[in-house]
Amino acid sequence: MIRPVLRMGDPRLLARARPVEMFDTPELHALVEDMRDTMAHLDGAGLAAPQIGVDLRVVIFGVHRNPRYPDAGEVPDTVLVNPRLSPLGLAMEEGWEGCLSVPGMRGLVARYRRLRYDGVDAAGQPIDRTVEGFHARVVQHECDHLDGILYPMRVRDLANFGFADVLFPGQPTLDE
Ligand code: NI
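These notes cover the structure that comes with them.

What counts and how
Residues numbered from 1 in each chain as written. Predicted model: local features only at pLDDT ≥ 70, side-chain atom pairs only at ≥ 80, totals over all residues. Heavy atoms only, no water. Phe/Tyr/Trp six-rings, centres within 6.5 Å; stacked < 30°, edge-to-face > 60°. Helix = DSSP H or I, 4+ residues; strand = E, 2+ residues; numbered from the N terminus. Buried < 20%, exposed > 50% of the residue type's maximum accessible area, 1.4 Å probe, protein only.

## What about the packing of aromatic side chains?
What characterises a pair of aromatic rings is the spacing of the ring centres plus the angle enclosed by the ring planes. This structure, assessed with the given rule, holds three aromatic pairs. With 6.1 Å between their ring centres and 75° between their planes, Phe61 and Tyr117 make a pair best called edge-to-face. In this pair, Phe61 sits in strand β2 (residues 58-63) while Tyr117 sits in strand β6 (residues 114-120), placing the two residues 56 residues apart along the sequence. Each member of the pair, Phe61 together with Tyr117, is buried. For the pair Tyr151 and Phe161, a centre-to-centre distance of 6.2 Å together with 65° between the ring planes defines the contact as edge-to-face. Highlighted residues: Tyr151 in the loop between α2 (133-146) and β8 (161-163) and Phe161 in strand β8, separated in sequence by 10 residues.

What follows is the structure in structure tokens.
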């Protein structure tokens, strides 16, 4: 079921979400299905449970090679519950981000270039990956939502924050 996405300004987006304690339950699978439907409907790259008003540490993401987004790398469709991120090295990389909770806007954000992330999927099966670049960016963006952080809070210079159609005329960009 497609659910409404909360927009920046809603205090629920600023809360620290609770860990999931029971896996492979009908409730958790239903939540993930709603998140998938909602993300697909809005053509997003990722979605965190708090964005649909659910106070749980669940994110989904996935990006497939698309000629419309030549710079976006491939990211496998992933359901990540109770994630933990460990940056590998201090190298940061700047990149433009968007967010389904901040529709129509883009901002330049520095993220760790490489990181390891682990957690479990909806069935409770472990996930443990070492990633870099765009994949690492998407994971950091989504997991920030679980700690009540929206990407505009990480834009260092607000000169690099604005409307997508003004910043990148005629060019489609991904919302996360
Ligand atoms: Ni977002």
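## Quick word on the environment of Pro50
Here Pro50 is to be found in the loop between β1 (46-48) and β2. By relative accessible area, Pro50 is classed as buried at 4%. Linking Pro50 and Ala122, residues 72 residues apart in sequence, is a C-alpha distance of 16 Å.

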